[in-house]
Amino acid sequence: MANSSYAAINPRVSKYDLYMILALWMERFRDEEQREDPVSKKVGAVLVLPNDISYAIDCSRNGVHAVARLIMAHPNIPEGCKVFVSRKPCSLCTKLLVQAKVERVFYLPIEPEYFPKDLSKENKRGFEAEKSRVDNLFKKKDVKHHSKPMQKKTLNDLMKKYWNKRWMDDAKECLPWPSFDKKTKCEVKKDFENMMKWMATIFVEAEERYSFELKRKPGSKNTVFNPAENTTEGEQAYHLIILAKFLAERTDDPKTGVGAVILSEKKEIVGLGWNGFPKKARYGEFARASHRDKGAEDSKYPYVIHAEQNALMLRNTKNIENATLFVTKTPCDDCTP
């Protein structure tokens, strides 16, 4: 019998925390232009279907905000979706979220998307007006929005990058919370620090970086994406393989966590997956057991869907010709064809 306490002893990151971490990680995606906007911060966003399956992921790039890219690329999403944004969205993106009938928007309690570098008196007025517009849009359309908090050197680096004490001191006025006292601020920081610790473990494991070798089908001459020879694409590939490692943390198989990401020919992320049991499976029958537990292989492996299979089945586009798959383990014989 599988050890029923294994899942409690080895808890996974929750889906919502994972989606928020993915949104934050997308802020680092290398853009070909890599321009810095003096007014708007780069943002990552994850679109999640009503059944909590991740459907699409993107970031601000090529002059278009992350939420705008998601909504415009997927105009026919069903009502009741959720969107995880790394920062509080600007009014333009909020309008699109409202129009798309998104049910919930989650964002981190860090500096918002619209945050001028120079907060002079004039810019501060613009910032206050923008904040008011966003809050009013959320209130009028009854979109539920939530500020969601989530190896030491790496942790310190992450905290320096994302945690702004001055912003947190002003958060009571800038976030739509009825109270934001000292105790609440400490709790939020602690939650955020725990989330950064989880991210840090992934970074430490990947500290040595990766080298990439392009694998093609026999006879294929596709050179659309070649991280081995293109520096920018090499950085994008590194970013995407780390993204796959984040996904692997949601595995139902503690022995072999696998994550997979599909990148289209146009460099859009069109599929995400990890190895796990079928959606809505009764977990009592498909135990999340350790490989040391007796009978684990018989009770687990026949039912687990592989990461590559999940990414393919749940992709948001039909055409994946010339796409690139990033996966944390070498695909098995079943997945390779």
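Our subject is the structure listed above.
Below, the structure is looked at part by part. Please read all numbers here as calculations on a predicted model, not as lab measurements.

### Some remarks on the packing of aromatic side chains
Then step 1. Counting across every chain of the model gives six aromatic pairs.
Then step 2. Each ring, one from Trp163 and one from Phe192, has its centre 5.1 Å from the other, and the planes form 40 degrees; the classification is tilted. Separated by 29 residues along the polypeptide, Trp163 in the loop between helix 6 (152–162) and helix 7 (165–169) and Phe192 in helix 9 (residues 182–205) bring together distant segments of the chain.
Then step 3. Residue classification places Phe192 among the buried positions, given a relative accessible area of 0%.

### Focus: unusual backbone geometry
Then step 1. A positive phi angle, close to 60 degrees, is found at Lys101, a residue other than glycine.
Then step 2. Checked against the element boundaries, Lys101 lands in the loop between helix 4 (91–99) and strand 4 (104–107).
Then step 3. Even without glycine at this site, Asn322 takes up a positive phi of about 65 degrees.
Then step 4. Here Asn322 shows up in the loop between helix 12 (307–313) and strand 8 (324–327).

### Observations regarding the layout of surface pockets
Then step 1. Quantified by volume, the second largest pocket comes out at close to 870 Å³.
Then step 2. Taken together, 29 residues line the second largest pocket, and the ones lying closest to its centre are Arg35, Asp37, Ser40, Lys41 and Lys42.
Then step 3. Of the residues contributing to the lining of the second largest pocket, the split by class is seven nonpolar, six polar and 16 charged.

### Re the sheet that holds strand 6 (residues 259–263)
Then step 1. Reading across the sheet, the three strands line up as 7-6-8 and stay open at both edges, with antiparallel pairing between neighbours. Only two strands of the sheet have a single neighbouring strand rather than two, namely strand 7 (269–274) and strand 8. On average, each strand axis in the sheet is tilted by 15 degrees relative to the strand beside it, whichever way the strands run.
Then step 2. Looking at chain direction, strand 6 and strand 8 are connected through four bridges and run antiparallel. The residue bridging Leu263 from the neighbouring strand is Thr324, located in strand 8.
Then step 3. Along the sheet, helix 10 (residues 231–248) contacts strand 6, strand 7 and strand 8; its crossing angle with strand 6, the most-contacted strand, is approximately 140 degrees.

What counts, and where the lines are drawn
Residues numbered from 1 in each chain as written. Predicted model: local features only at pLDDT ≥ 70, side-chain atom pairs only at ≥ 80, totals over all residues. Heavy atoms only, no water. Phe/Tyr/Trp six-rings, centres within 6.5 Å; stacked < 30°, edge-to-face > 60°. Helix = DSSP H or I, 4+ residues; strand = E, 2+ residues; numbered from the N terminus. Buried < 20%, exposed > 50% of the residue type's maximum accessible area, 1.4 Å probe, protein only. 1 Å grid on protein atoms, 1.4 Å probe; cavity = no way out; pocket = protein on both sides within 12 Å on 5 of 7 lines; lining within 4 Å. Points joined across faces, edges and corners; volume = space filled by probe spheres on them. Nonpolar A, V, L, I, M, F, W, Y, C, P; charged D, E, K, R; others polar. Pairing = 2+ DSSP bridges. Axes fitted to C-alpha atoms, helices over the stretch in contact; angles between N-to-C directions. Contact = heavy atoms within 4.5 Å.

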